[in-house]
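# Results of the structural survey
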Amino acid sequence: MDLKVTTLAGADAGKLKLSDEIFGLDPREDILHRVVRWQLAKKQAGTHKTKGRAEIARTGAKMYKQKGTGRARHSSARVPQFRGGGKAHGPVVRSHAHDLPKKVRALGLKHALSAKAKASNLIIVDDLAVSEAKTKILIENFAKLGLNNALLIGGAEIDAGFKRAAQNIANIDVLPVQGINVYDILRRGTLVLSKAAVEALEERFK
């Protein structure tokens, strides 16, 4: 698959041959769904917590005598049916993460890249770097490329000026190639890869 390469200013910068094994697959929604679920489950904090009857700071004395009152038998005031008592079967601090095979994760990334390529939402730029770290200039460049909701993936290191200029633009995310992931690819409309990012991805999936 050959794709046109542009500069950030929108000028033509030649063509680049992309691997069909990475960018030419027929996207499978079931694999993408599995990977996104795995990512979001791993990201979930799991810090929700309520106190059970054993954690309530309340007297342990019997509420009233066992017999003779005409009322139901009760002992502790910490039980869930009383106001101020513990919560029965409430949430506890836990991890929501689950396992997903490495092969499925790698396949999910390939399918996410292929989905963007198939939908013509993939742009290759020669380099993610700016001579002047100005947000206004970067917004003008993005307008030429038609970018208003995009994920931009650079090489192993992102140009500091470019990152600083892009961080205040709404709906624009910038990541180094080692941070590329299925969820971020799918949540943005357009995927922008630098030539260095394409080379790194093809090396990664050899």
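Quick caveat, the model's predicted, so the values are computed rather than measured.

With that settled, the discussion passes to helix H2 (residues 29-43). Taking 1.5 Å of rise per residue, the 15 residues of H2 would be expected to cover 21 Å, and the 21 Å separating its terminal C-alpha atoms lies within 8% of that figure. Within H2, burial applies to Ile31, Leu32, Val35, Val36, Trp38, Gln39 and Ala41. Where H2 is buried, its residues meet helix H3 (102-118) and helix H6 (182-187).

Attention shifts here to the side chain of Thr7. Residue placement: Thr7 occurs in the loop between strand S1 (2-6) and strand S2 (12-17). When its relative accessible area of 19% is taken as the criterion, Thr7 is described as buried. Leaving out residues up to four positions away in the same chain, Thr7 has contacts with Ala13, Val125, Asp126 and Leu145.

The next thing to look at is the packing of aromatic side chains. Within the structure shown, the criterion is met by 1 aromatic pair. Here the aromatic rings of Phe142 and Phe162 are separated by 6.5 Å at their centres, their planes lie at 75°, and the arrangement is edge-to-face. With Phe142 in helix H4 (residues 135-145) and Phe162 in helix H5 (residues 160-166), this pair connects stretches of sequence that are 20 residues apart. The two residues Phe142 and Phe162 agree in class, both being buried.

Working definition: two side chains of opposite charge can pair if their charged atoms are close together. Following the criterion strictly, the structure yields 7 salt bridges and no others. In this structure, Asp30 and Arg28 form a salt bridge, with 2.6 Å as the shortest nitrogen-oxygen distance. Classification of Asp30 by relative accessible area gives partly exposed; the value is 40%. With its nearest N and O atoms 3.1 Å apart, the salt bridge here joins Lys49 to Glu55. Counted as one network, the salt bridges with shared partners bring together Asp173, Asp184, Arg187 and Arg188.

Next up on the list: the environment of Ala88. Following the sequence through the fold, Ala88 ends up in the loop between H2 and H3. Taking the relative accessible area as the measure of exposure, Ala88 reaches 39% and is therefore partly exposed. Taking the C-alpha atoms as reference points, Ala88 and Arg53, separated by 35 residues in sequence, lie 7.7 Å from one another.

Right, let's talk about the side chain of Gln39 for a bit. Here Gln39 is to be found in helix H2. Residues within four places of Gln39 in sequence aside, it is in contact with Asn181, Val182 and Tyr183.

It is worth spelling out the domain arrangement of the chain at this point. Looking at the chain, the domain boundaries give domain 1 (2-45 + 96-205) and domain 2 (47-93). For domain 1 versus domain 2, the separation of C-alpha centres amounts to 54 Å.

About the cut-offs
Residues numbered from 1 in each chain as written. Predicted model: local features only at pLDDT ≥ 70, side-chain atom pairs only at ≥ 80, totals over all residues. Heavy atoms only, no water. Helix = DSSP H or I, 4+ residues; strand = E, 2+ residues; numbered from the N terminus. Expected span 1.5 Å × (residues − 1). Buried < 20%, exposed > 50% of the residue type's maximum accessible area, 1.4 Å probe, protein only. Contact = heavy atoms within 4.5 Å. Phe/Tyr/Trp six-rings, centres within 6.5 Å; stacked < 30°, edge-to-face > 60°. Salt bridge = Lys/Arg side-chain N within 4 Å of Asp/Glu carboxyl O. Domains from an automatic or database assignment.

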